[in-house]
Amino acid sequence: MQKRKITAGLAGVVAGLLALSACGGSSSGSEGDGGSETISIVGFAVPEAANKAIADEFVKTDAGKGVKFSTSYGASGDQSRAVESGLEADYVHFSVASDVTRLVDAGLVAEDWDAGENKGVVSNSIVVFGVREGNPKNIRTWDDLVEPGVEIVTPNPASSGAARWNALAAWGQVIQSGGSEEDAAEYIDKFFANVVSLPGSGRDATTSFLGGTGDVLMAYENEAILAAQNGEGFEYVIPETTLLIENPGAILEDATPVAEDWLEFVLSDEGQKQFALKGFRPIRDDIDFGGTVEGAADPSNPFPEVPNLLTVEKDFGSWSEVSDKFFDEENGLVTEAIEASGKAQ
Amino acid sequence: MLWFSLLVLIPLCAVVVTAAEGGWDTFWTTITNGQTAAAIRLTVTAAAVVTVVNVVVGPMIAWVLVRDRFWGKGALELLIDIPFALPTIVAGLVLLSLYGHDSPLGIDVANMPSSVYLAYLFVTLPFVVRMVQPVLEQLELDVEEAAASLGASRFTTFRRIILPSLTPAIAAGAALSFARGVSEYGSLVLLSGNLPFKTEVTSVRILSSVENNNLAGAAAVATVLLVISLLVIVLLDVLQRRVAVRD
Amino acid sequence: MTDLLTREQPPKAAPVRRRSRPRKGPVAYLLRLFVTAYLVLLVAWPVSLVAIRTFEDGFSGIQGILEDPDTVTALKLTVTVAISAVVVNTLFGVGISLLLVRSEFPGKRALSALVDLPLSVSPIVVGLALVLVYGGRNGWFGPTLEGAGLQVVFATPGIVMATAFVALPLVIREVVPVLEEIGTDQEVAAQTLGANGWQTFWRVTLPAIKWAIVYGVVLSLARSLGEFGAVKVVSGNVLGQTRTATLVVEEKYLNFDQQGAYATAFLLAMVSVACIVIVSVIRPKNERS
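Residues numbered from 1 in each chain as written. Chains lettered and ligands numbered in written order. Predicted model: local features only at pLDDT ≥ 70, side-chain atom pairs only at ≥ 80, totals over all residues.

What follows is about the overall build of chain A. The helix and strand inventory of chain A stands at 14 helices and 10 strands. Within chain A, the fraction of its 345 residues that count as buried is 51%. Here the contacts in chain A between residues at least 6 apart in sequence split such that 73% fall between residues at least 24 apart. (Helix = DSSP H or I, 4+ residues; strand = E, 2+ residues; numbered from the N terminus. Buried ≥ 20, exposed ≤ 12 C-beta atoms within 10 Å, placed from the backbone. Contact = placed C-beta atoms within 7 Å.)

A separate point is the overall build of chain C. The helix and strand inventory of chain C stands at 14 helices and zero strands. Burial status across chain C gives 51% buried among its 289 residues. Considering only contacts within chain C whose residues lie at least 6 apart along the sequence, 72% involve residues at least 24 apart.

All names here are of chain C. Per the domain assignment, the segments making up chain C are domain 1 (26-55) and domain 2 (59-288). The interface of domain 1 with domain 2 comprises six residues on the first partner and eight residues on the second. Looking at the side of domain 1 that touches domain 2 residue by residue, the class counts come to four nonpolar, one polar and one charged. (Domains from an automatic or database assignment. Nonpolar A, V, L, I, M, F, W, Y, C, P; charged D, E, K, R; others polar.)

In this section: the confidence of the model for chain C. All names here are of chain C. When pLDDT is averaged across chain C, the result is 78; 88% of the residues are at 70 or more. This stretch, residues 1-22, has a pLDDT under 50; its non-local contacts, to residues over four places away or in other chains, come to 17 contacts. Two numbers describe this predicted complex: its pTM, 0.80, and its ipTM, 0.78. (pLDDT = per-residue confidence, 0-100.)

Residues in a regular strand project their side chains so that they alternate between the two faces of the sheet. Residue and element names in this part refer to chain A. In terms of burial, strand 7 (residues 216-220) is largely enclosed, as five of its five residues are buried. Residues Val216, Met218 and Tyr220 of strand 7 are buried on one face, and the alternating residues Leu217 and Ala219, pointing to the opposite face, are buried as well. Pairing geometry for strand 4 (residues 121-131) and strand 7, over five bridges, is antiparallel. Looking at the pairing, Val127 lines up with Tyr220 of strand 7. Where strand 5 (residues 152-153) and strand 7 come together, two bridges link them in parallel fashion. Considered in strand 7, the bridge of Val153 is made with Leu217. (Pairing = 2+ DSSP bridges.)

Attention shifts here to unusual backbone geometry. One non-glycine residue, Asn135 of chain A, lies in the positive phi region at around 50°. Unusually for a residue other than glycine, Phe197 of chain B sits at a positive phi of about 65°. One can find Phe197 of chain B in the loop between helix 10 (189-192) and helix 11 (202-211).

Residues and elements named next belong to chain C. At a minimum axis distance of 8 Å, the contact between helix 3 (residues 26-54) and helix 14 (residues 258-282) shows a crossing angle of 125°. Between helix 3 and helix 14, the crossing angle belongs to the class labelled oblique. Here helix 3 and helix 14 pass one another in a crossing that is left-handed. Residue-level inspection shows Val47, Val50, Ala51, Arg53 and Thr54 of helix 3 in contact with helix 14, the latter providing Gln259, Tyr262, Ala263, Ala265, Phe266 and Ala269. Taken together, the residues of the contact of helix 3 with helix 14 break down into eight nonpolar, two polar and one charged. (Axes fitted to C-alpha atoms, helices over the stretch in contact; angles between N-to-C directions. Parallel < 35°, antiparallel > 145°, perpendicular 65-115°, else oblique. Left-handed = near helix turned anticlockwise from the far one by under 90°.)

Another point: the domain arrangement of chain A. Residue and element names in this part refer to chain A. In terms of domain boundaries, chain A breaks down into domain 1 (35-123 + 246-277) and domain 2 (125-244 + 304-344). The straight-line distance from the C-alpha centre of domain 1 to that of domain 2 is 27 Å. With 12 residues of domain 1 at the interface, the matching set in domain 2 holds 13 residues. Secondary structure elements with two or more residues in the side of domain 1 that touches domain 2: helix 3 (76-84) and helix 4 (97-105). Of all the elements, helix 4 adds the most residues to the side of domain 1 that touches domain 2, at four residues. Of the residues that constitute the side of domain 1 that touches domain 2, the class distribution is five nonpolar, five polar and two charged.

All names here are of chain A. Between helix 4 and helix 13 (residues 319-327), the shortest axis-to-axis distance is 9 Å and the interhelical angle comes to 110°. By the angle between their directions, the pair helix 4 and helix 13 is classed as roughly perpendicular. Here helix 4 contributes Ala97, Ser98 and Thr101 to the contact with helix 13, which in turn contributes Trp319, Ser320 and Ser323. A class-by-class count of the residues in the contact of helix 4 with helix 13 yields two nonpolar, four polar and no charged.

This next bit is on helix 11 (residues 197-226) of chain C. Taking 1.5 Å of rise per residue, the 30 residues of helix 11 of chain C would be expected to cover 44 Å, yet its terminal C-alpha atoms sit only 37 Å apart, more than 12% below that figure. At Leu206 of chain C, helix 11 of chain C shows its strongest bend, of approximately 55°, with the proline Pro207 of chain C following within four residues. (Expected span 1.5 Å × (residues − 1). Bend = angle between axes of the 7 residues up to and from the residue.)

What follows covers the interface of chain B and chain C. Each partner contributes to the interface: chain B provides 79 residues, whereas chain C provides 81 residues. Looking at which element gives the most residues to the side of chain B that touches chain C, the answer is helix 9 (residues 154-183) of chain B, with 13 residues. For the side of chain B that touches chain C, a count of residues per class yields 56 nonpolar, 13 polar and 10 charged.

Before going further, it helps to examine the environment of Phe122 of chain B. Mapped onto the secondary structure, Phe122 of chain B falls in helix 7 (residues 113-138). By C-beta crowding, Phe122 of chain B is classed as buried, having 24 other C-beta atoms within 10 Å. Discounting residues that sit within four places of it in the chain, Phe122 of chain B has contacts with Pro83, Ala91, Leu95 and Ser187 of chain B together with Leu42 of chain C.

Listed by partner, the interface residues are 25 residues for chain A and 26 residues for chain B. Within the residue set of the side of chain A that touches chain B, elements represented by two or more residues are strand 6 (195-197), helix 8 (202-210) and helix 14 (333-344) of chain A. Sort the elements by how many residues they give to the side of chain A that touches chain B and helix 14 of chain A lands first, with five residues. Class assignment for the residues of the side of chain A that touches chain B results in six nonpolar, 15 polar and four charged.

Residues and elements named next belong to chain B. Position of Lys73 relative to the elements: it lies in helix 4 (residues 73-79). Along the backbone, Lys73 and Ala19 are 54 residues apart, and their C-alpha atoms lie at a distance of 48 Å. Not counting the four nearest positions on each side in its chain, Lys73 is found in contact with Leu65 and Asp68.

A word on the environment of Val224 of chain B. Residues and elements named next belong to chain B. Residue position: Val224 is located in helix 12 (residues 215-246). For the pair Val224 and Ala19, spaced 205 residues apart in sequence, the C-alpha to C-alpha distance is 9.8 Å. Ignoring sequence-local partners within four residues, the contact set of Val224 consists of Ile31 and Ile40.

The next point concerns the pairing of strand 4 of chain A. Residues and elements named next belong to chain A. Judged by how many residues are buried, strand 4 sits mostly within the fold: 11 of 11 residues are covered. Pairing analysis gives five bridges linking strand 4 to strand 9 (residues 241-251), with the strands arranged antiparallel. Of the residues in strand 9, the one forming a bridge with Asn124 is Glu246. In terms of strand pairing, strand 4 meets strand 8 (residues 235-237) through three bridges, oriented antiparallel. Across the sheet, the residue bridging to Phe129 is Val237, located in strand 8.

The next subject is helix 6 (residues 88-99) of chain B. If you check helix 6 of chain B, its first and last C-alpha atoms are 16 Å apart, about what 12 residues at 1.5 Å a residue would give, namely 16 Å. Burial runs high along helix 6 of chain B: 12 of the 12 residues are buried.

Residues and elements named next belong to chain A. Residues of chain A with pLDDT of at least 70 account for 89%, and the chain-wide mean is 82. Between the elements of chain A, mean pLDDT differs from a low of 42, seen in helix 1 (residues 2-28), to a high of 93, seen in strand 3 (residues 91-93). Here residues 1-35 is a poorly scored stretch, pLDDT under 50, and it has 30 contacts once near neighbours within four places are set aside; other chains count.

Structure, rendered in structure tokens:
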């Protein structure tokens, strides 16, 4: 008697849940119908909003008529590894070029993906300092960061490829101002000695900073703007010398033909305008995005010119050199600085 | 058995094989790297301490849930499983706002080693409680009452009658909570700050290796954790048998 | 040592004779207070924060979630996956438990130890291992399976496997101690009375372990709903197809939509609460002795 009651109850629950999931099955089966083409986008999380806006514009063009999108966004390295091991993709948009190189090595992306005028780059940003309201510690320059008592929050360059821009910027600015490699290494050591938190990703670092940790957040301009657009903003300072962040995009070898049109559209003025509105720096200077970007420190001049802008190509060579020199697990310069900072405590 | 092999044994073999593919040198340099070794030490210590806490507190919670009666007990019962269902990022978020810099209680463990313990306590809570609960319910009050009526003090009843019956369940819960602690990552990433030698756990080291395309290194660290967990599980099993035999 | 402790007890030992079931000595009250405080600080308070943040703007947060078709699809996928994983784990778990407790075979203790191991593997490694074995491009079995028309990784089967993997020991560990506790007397009795193996299991063993199974199922379900790391690696996270609810949470969090993240997490937590409520409803009061 009693047992029957329980069995009935359980059966009811299971039936209900199955019914629920059955509805799920029917609604998710909608892709691929009508014979229209689908572009699979795999990318890092931040440009999702921009890509969505670009997609809305793209389907209004002749080339994009009727095109459907299937999208996947996450941490850049995770996404790249997923595509390498078989995740279906036509167009990839990553945070660092090394994530595309991984796909080139796997034979999924053509060797000459970065041969075009844009060198494979589809969106830009720069490294900035996030500070507390009113900038109480008056942080303006890289030297201010290594003052005693300044607490830095930066995403962990060891576990997140996307966080490597910060460490590179810290190194490059020493060289740029005439310092030697030794000076730069010394600066990096001091920098990491002041780090109080190394969260997993840029987003985690922002959360940790907003949660009260540290005086300075190593951030990206576009993330700072996007955060402000979503009501989680923080003040940011653009240093005199900083690094240009270049996010690569590429078409896979076996992609559907319409993906070429999509990439072209992403690089067009219209596509870049959408990036600008979400806080990315357009890859060309003459993009008209209407003059104002909400969430920027100065919305009417959202992307002020940086006096000394470093780039990976100009100042460091290439990403593979950078990976070996700075981030090698055994003896990369940044790896060692992080380890030294831990031992000192 | 086939399902077990397909699901567990083969993937685990894949991990060990990947670790072995790197060769003994890679394996050894990976795990003797100072930072990794420190991370392994912290992870294992924290998991062990948290397991001990769970072994003590878990049965207490189960006892209260099964035997005690008071207003609001139902609400406590509802809470037990939530740590499992809550996505770990959200767990990290709320723990950060309650026990971080802006803590309303003034308890600030952010970026301290204690944050690792806190996060582990949160994610491993249900194990011992839920393991002990069904056994306690199955345990017949008659036996206890008989013991009591024969003049056994409550402590003796507990030690001689209840504890031996609960031991297998407690041991099982302990093994699971240790294992889970060793592998946890998501909930502590915001709170701990991943500081090398201080709050960095092994999962972060594994991620670093993966990010550097060093799968062999990642697998090496994972293998070490596997072996440690296996040892702990066997140890608990042996302990539990000895307790069971003694009584 | 023991004597000393026992001797402290006599004042309380006397009223025990009264057959008072809800004994309420000071110890009971202390215990109650301690347990309540512990749970409130560790779980209730953080969870209430999730609820508060979800409902900061009234119901618009939840409503926003339920009106977004992609999120709804993700929630349904999570439910499907969780149920499949739980069903598989329950059947398998009860089987393994019986095997572990009721039969003797070489390697039994090794098997018992292996059962717990899945939990100790970092979720990222679980995901990578599954990809290594079942990955469609260069896994051990992946290409063969894919040739046979079954895509595992980056499709629902892979997500179910990852989820089943991380929740695997839960049912087994619930059932084994109870099986050991109840012993074999009743089963032997049933068999002497002429019941066959199936009848013994259905009429004698199952009723005895049913609450253990129920707790195991509840735990597995909760764990399956909340799993993130392993699923992230094997799902591919394709919007509207293989994106699960926890991945929605991550994505909303990454896009600075904290309220959305909280609301989705709140829904997941509520499912586990609902399970417990269902359990206590279908559970007759008198069984609580």
